[in-house]
Every structure is written in C-alpha cells, then in structure tokens.
Amino acid sequence: MVNIVSSDRKTHIITSDAEAVEVAQTLAEEFAKESAIRDRDRRLPHIELEKLSKSGLLGITVPKEYGGVYVSNVTLANVIKILSEGDSSLGQIPQNHLYMVEAIRLSGTEKQKRYYFQQVLEGKRLGNAFCEIGTKTATSFQTRVTRTHDGKYVLNGKKFYSTGALFAHIVPVVALDDEDHVVIVFVDRQTRGLTIIDDWSGMGQRTTASGTTLIENVLVEEWQIVRHHLAFEKQTTMGAIAQIIHTAVDVGIARASHKDTINFVRTQTRPWSDSGVDHAYEDPLILSDVGEITIKLHAAEALLERAGEFIDRALVDGTEKSAIEASIAVAEAKALADEVALFITSKQFELSGTKSTLDQFNFSRHWRNVRTHTLHDPVRWKYHAIGNYFLNGVNPPRHGAF
C-alpha cells in the first residue's frame, strides 16, 4: 500500500476557460520532460499528480453554483489533449476523477454535491474502482453494497483496471445495491477493508497503476452512495463526457508522436540512397507521408472540438434529442481518433528509420500507450451505433461507454 501525499494545502481555483488551457500547457511542458523515463522505469507520478491537484485543473468541471468554473467541454477536451501530449498516463488518470464529478452532478443528492464538490475544489483526487475481471461482460458487476439490519451498509467486491485509485484520496466503487441498481459508493482511501494493489502490468499506460482493488466488508453510510443509475434513465451527456475525455487522450498521444516524428526526421533521420537528396526532410516520399499524418491529426482534432461543441449545446438545450446527438458526435470523434492515433504512432518508425527504435528514445511508448488505451471500449461498436442511428434512426445505448 502506497501512502499518497497529503492534500492539506491550498489548491488554486481556476476562474476561466483560457486559464485552464494555459495551466494545462504549462504542466504538460513540465510533464513531457521525463515522460519517457517514467514509462521506461515505471516510475509512478505521485509528485506530478500532486502538482496537477494543486493547479486546480481537477476542479474545472465543478458547477459554478458550487464554487467551480465549469468550463466548456471544448475546453475540457483541449485540457486533456494537452496533458496527454505531455504524458498520456497523466492525461488518463484524471478521466475517472472527472467522470465521477459528472456523475455527482447528474445523480448526486444536494448533500453529496456540496460535500464532494468542495473536496474536489480542495484538491482531493477521486479514483476508480469500476471494472471487474471474470464477469459476463465489461459492464457486469458482482460487487455488492448491502443494507444491514441496523441501517448501515457493507460493501464487498474485487475490481481491476482501477485507474487512479492508487493515487486517490477517495475511491468511488461501482456496485449493485439490493435492488440491482448500479450505484457508486465513495470510499475514503484509508477506510478499513479497502486495499489497492499495484499489479498493473499492461504494455502501455504503464504509470496509470490500473491494477486491483479489494473491497472486503467495507462499512459505509447511505450518504456515500450515489444512485448512478439515475444518470441513464434517459439520455444524458454522462456517457458523452466520459468518452470525449478518452478521445482527447488518444488525440494527445497522436500529437506527441507527430511532434517526435517531425523533430527526429529533421535532426536524426538519414535520407534513403535512392532519394537523391541530402536530408531526410527533403525526401519527397517522407514529405508526402508527413503530409498524410498531419492531415489526419488535424481531422481528429477538428472532430474532437466538434464533439465538445455538441455536448455544450446539449447541456444548454437540455433535451434528450440534443444529448443523443452529442453522444453520436463523440462516437464519431472517438472512432477517428483511434484510427488516426494508431496510424501515426506506427508510421513514426517508418518515417524516422531504424535508429528511432533504440531504447534511448523510448518512442515505442506512444504506440504502446495508444494501443492499450484504445482497447478501453471497442470502436467497432461506435461505427455500428453511428450507422444504425443515421440509417435506421436507432438511438445509441445509454451507458458510460457511449
């Protein structure tokens, strides 16, 4: 068990969308300096996450009436994209935190909103104990929260892919209640019976520490239980916001790979003998391929921004129709981002040459990271839902993965 750094310190409160982007850019530049080293050595980013907490970026989606700035979703996606370009693990870890903030906004009680939003603004990090291994599907759960005879609640289960839990102050646990409704139980990190195990061995996103969470007879109060199923009784922006953050991570990785490709070809790559040029950056075939990866990257960025605009419009409009349109727009962005990120991170080596595969550069982390992260939820079902919506008028599913 790892002791997290105390958050008993003043946390900055961001007051505008522009400030959020500026802060993200400053942090990303710092995070990028040792990103390759952290990946190579699997050095967990405790210090970096503490800086992220202090910066106020983890509180930018807290509603204004509770003291936050509540940035647009265009800005939210941009912030995650920027952070992920600097270090994709540090871009992904906040995803679950921000998902939980949105879950509280949509289905929390007034007491829960006041308490947990204040905790977030004070720099507390919310982790994730969502998915399980061995269930019928990725969205099936065996974890249970049960009401006892004295009116208390006891929580039991085992989770994996617990991104952010190891670094969290509060670990939200997805469970089924006595009526088989999906709920989120917010458990303090130091609660007896809650154990976070650092056993994540994925080839990519290595420093997210997305390992096992054990929940053994954890006692909780009713006010710690958020009725998450309420967020999906009708079409809301819950899933769209969750997915646009994932999309932004992939686009951020693609940006990092694109940048490294340009720099390497300019400074390290030799021209092929048949090209008849003195420098690799004059090679007509390399120029053509760089043009292709650039166009695809810009297309993915454009769809990401468009998706944020659809979510923002849905939040203002407040109708199910606009929420459905937002989900579809995000699905389009996610599908393209997966394809583009995988293409660019693979193409990087072809354009940069054999030297770029040396361990000293650790460029393989870009492909490993995006290949691992894009498996989070299969984009083949995005394509299916998009086609079914436009061809047959069938609405997309209502859950956090859409």
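Attention in this report is confined to the structure presented alongside it. Just so it is clear, the model here is predicted, and its values are computed rather than measured.

**Focus: the overall build of the protein chain**
In terms of helices and strands, the protein chain carries 11 helices and 7 strands. A compact globule built from 402 residues would reach a C-alpha radius of gyration of about 21 Å, and the protein chain, at 21 Å, matches this within 12%. The buried share among the 402 residues of the protein chain stands at 55%. Put simply, 77% of the contacts in the protein chain that link residues at least 6 apart link residues at least 24 apart. Total accessible area computed for the protein chain in this model is approximately 17700 Å², and 52% of it derives from carbon and sulfur atoms. Distance between charge centres in the protein chain, computed from 45 positive and 51 negative side chains, equals 3 Å.

**Thoughts on empty space enclosed by the protein**
For the structure on display, the rule yields 7 cavities of 30 Å³ or more. Considered as a void within the structure, the largest cavity measures approximately 80 Å³ in volume. For the largest cavity, the full set of lining residues is Thr-61, Tyr-70, Val-71, Asn-73, Leu-76, Leu-98, Val-101, Glu-102, Ile-241, Ile-245 and Leu-315. Of all the secondary-structure elements, those providing two or more residues to the lining of the largest cavity are α4 (73-86), α5 (88-107) and α7 (238-267). With 3 residues, α5 is the single largest residue contributor to the lining of the largest cavity. The residue makeup of the lining of the largest cavity, split by class, is 8 nonpolar, 2 polar and 1 charged.

**So, the packing of helix α1 (residues 17-32) against α4**
Taken N-terminus to C-terminus, the directions of α1 and α4 make an angle of 10°; their axes are 7 Å apart at the nearest point. In terms of their interaxial angle, α1 and α4 are classed as roughly parallel. Residues Asp-17, Ala-20, Val-21, Ala-24, Gln-25, Leu-27, Ala-28, Phe-31 and Ala-32 of α1 form the contact with α4, whose participating residues are Thr-75, Asn-78, Val-79, Ile-82, Leu-83 and Gly-86.

**Observations regarding the environment of Ala-323**
Mapped onto the fold, Ala-323 is located in helix α9 (residues 320-352). Given the relative accessible area of 3%, Ala-323 is considered buried. Linking Ala-323 and Ala-302, residues 21 residues apart in sequence, is a C-alpha distance of 20 Å. What Ala-323 contacts, discounting residues up to four positions off in sequence, is Gln-235, Thr-236, Thr-237 and Ala-314.

**Thoughts on the nonpolar core**
Core analysis: the biggest nonpolar cluster contains 78 residues, and Leu-57, Ile-60, Val-145 and Leu-155 have the highest contact counts within it. Per-element tally for this core: the top contributor is helix α8 (residues 284-317), with 11 residues. Of all hydrophobic cores here, the second largest spans 23 residues; its members include Val-62, Tyr-66, Val-101 and Tyr-116.

**Some remarks on the packing of aromatic side chains**
Applying the stated criterion across every chain yields a total of 13 aromatic pairs. For the ring pair Tyr-115 and Trp-223, a centre distance of 5.1 Å and an interplane angle of 85° mean the geometry is edge-to-face. Within this pair, whereas Tyr-115 is found in helix α6 (residues 110-121), its partner Trp-223 is found in the loop between β6 (212-220) and β7 (225-226), the two being separated by 108 residues in sequence. Judged by relative accessible area, Tyr-115 falls into the partly exposed class, the value being 36%. Its relative accessible area of 29% is what places Trp-223 among the partly exposed residues. Taking the centre distance of 5.5 Å and the plane angle of 10° together, the rings of Phe-361 and Phe-363 count as stacked. Taking relative accessible area as the criterion, Phe-361 reaches 16% and is therefore assigned buried.

How each quantity is defined
Residues numbered from 1 in each chain as written. Predicted model: local features only at pLDDT ≥ 70, side-chain atom pairs only at ≥ 80, totals over all residues. Heavy atoms only, no water. Helix = DSSP H or I, 4+ residues; strand = E, 2+ residues; numbered from the N terminus. Rg over C-alpha atoms; globule rule 2.2 N^0.38 Å. Buried < 20%, exposed > 50% of the residue type's maximum accessible area, 1.4 Å probe, protein only. Contact = heavy atoms within 4.5 Å. Areas by Shrake-Rupley, 256 points an atom, 1.4 Å probe, with all protein chains shown as cover. Lys, Arg positive; Asp, Glu negative; His and termini not counted. Charge placed at Lys NZ, Arg CZ, Asp CG, Glu CD. 1 Å grid on protein atoms, 1.4 Å probe; cavity = no way out; pocket = protein on both sides within 12 Å on 5 of 7 lines; lining within 4 Å. Points joined across faces, edges and corners; volume = space filled by probe spheres on them. Nonpolar A, V, L, I, M, F, W, Y, C, P; charged D, E, K, R; others polar. Axes fitted to C-alpha atoms, helices over the stretch in contact; angles between N-to-C directions. Parallel < 35°, antiparallel > 145°, perpendicular 65-115°, else oblique. Core = buried A, V, L, I, M, F, W, Y, C linked by side-chain atoms within 4.5 Å. Phe/Tyr/Trp six-rings, centres within 6.5 Å; stacked < 30°, edge-to-face > 60°.

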